[in-house]
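A closer look at the structure
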Amino acid sequence: MSLTKKYGETLSNNEIEQLVKVTGFNEEQIPKLYTFYKKIAGSRIKDGIIDNVEFEQALGLKGSIFAERLFNDNNGELDFNEFCMGLNSFASNGSFVDRLKLTFSVYDINGDGGIDKSELKLLLTSCLKDNFRLTLTEEDLQKIIDKTFEQIDTDNNGRIDYNEYATYARKNPRIMDNLSITLPFLN
């Protein structure tokens with residue numbers, strides 16, 4: 001189901017019902033999400049599609065590696081269906097498995113099914129720059145990376161695979177917090 005609508009069109013009851021079935025959002029929340037979506041999709045070009053620039057501006061993620069990773073999987077655009085599915089994965093009340101898959105896919109930069117130390121270093125560096133405006137020495141950064149791999153890479157092969165990540169995340173769900181959002185306008 002793709003919901004690429006012309007700017008200003010409304011959702012049908014059938015479209016709302018379909019999105020309720022495949023997301024954690026209810027019948028009252030979907031129209032609110034659509035209003036939010038239209039605001040973002042029309043912020044630069046009134047085309048009914050969110051591009052990476054509109055997305056980054058709306059969420060304050062300009063130049064973020066996380067925004068870049070999300071748009072790599074969606075050929076640079078989000079229609080309303082993709083927007084809902086993505087927010088469902090990001091929402092703090094969303095499915096644990098959806099959030100787990102999303103965060104792992106963002107962390108697995110080269111898409112090979114594992115996170116290696118260079119990927120983790122890139123992500124940590126970006127995260128510190130994006131969120132904290134902090135810098136760490138190379139030595140401190142390497143200590144964090146080594147400790148992370150010591151805790152998560154249980155087979156000691158130098159890669160964190162999905163199962164290792166999932167096992168660790170079930171015990172330590174806060175690992176996914178930096179990619180979780182609360183949508184207060186839905187309450």
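As a starting point, this report considers the structure included with it. (Residues numbered from 1 in each chain as written. Predicted model: local features only at pLDDT ≥ 70, side-chain atom pairs only at ≥ 80, totals over all residues. Heavy atoms only, no water.)

Attention shifts here to the packing of aromatic side chains. Each aromatic ring pair is described using two quantities: the centre-to-centre distance and the angle formed by the ring planes. Taken as a whole, this structure holds nine aromatic pairs when the rule is applied. Summarising the aromatic geometry, the rings of Y34 and F80 are spaced 4.8 Å apart at their centres and angled 75 degrees between planes, so their arrangement reads as edge-to-face. Of this pair, Y34 sits in helix 2 (residues 29-41) while F80 sits in helix 5 (residues 80-90), and the two are 46 residues apart along the sequence. Cluster of aromatic residues (ring-pair linked, three or more members): Y34, F36, Y37, F80 and F83. Lying over the aromatic face of F149, K117 brings its terminal NZ or CZ to 5.5 Å of the ring centre. (Phe/Tyr/Trp six-rings, centres within 6.5 Å; stacked < 30°, edge-to-face > 60°. Helix = DSSP H or I, 4+ residues; strand = E, 2+ residues; numbered from the N terminus. Lys NZ or Arg CZ within 6 Å of the ring centre and 35° of its normal.)

So, about helix 5. Buried residues dominate helix 5, accounting for eight of its 11 residues. Within the span of helix 5, buried status applies to F80, N81, F83, C84, L87, N88, S89 and F90. (Buried < 20%, exposed > 50% of the residue type's maximum accessible area, 1.4 Å probe, protein only.)

Next up on the list: the nonpolar core. Ranked by size, the top nonpolar core spans 18 residues in total, and within it L11, I30, L33, Y37, I50, F80 and F83 carry the most contacts. Counting residues per element, the ones that place at least two in this core are helix 1 (13-22), helix 2 and helix 5. Take this core: its biggest share by element is six residues, from helix 2. Counting residues in each nonpolar core, the second largest holds 16 residues, with I145, I152, Y165 and A169 among its members. (Core = buried A, V, L, I, M, F, W, Y, C linked by side-chain atoms within 4.5 Å.)

On their own, these measurements won't tell you what the molecule is for.
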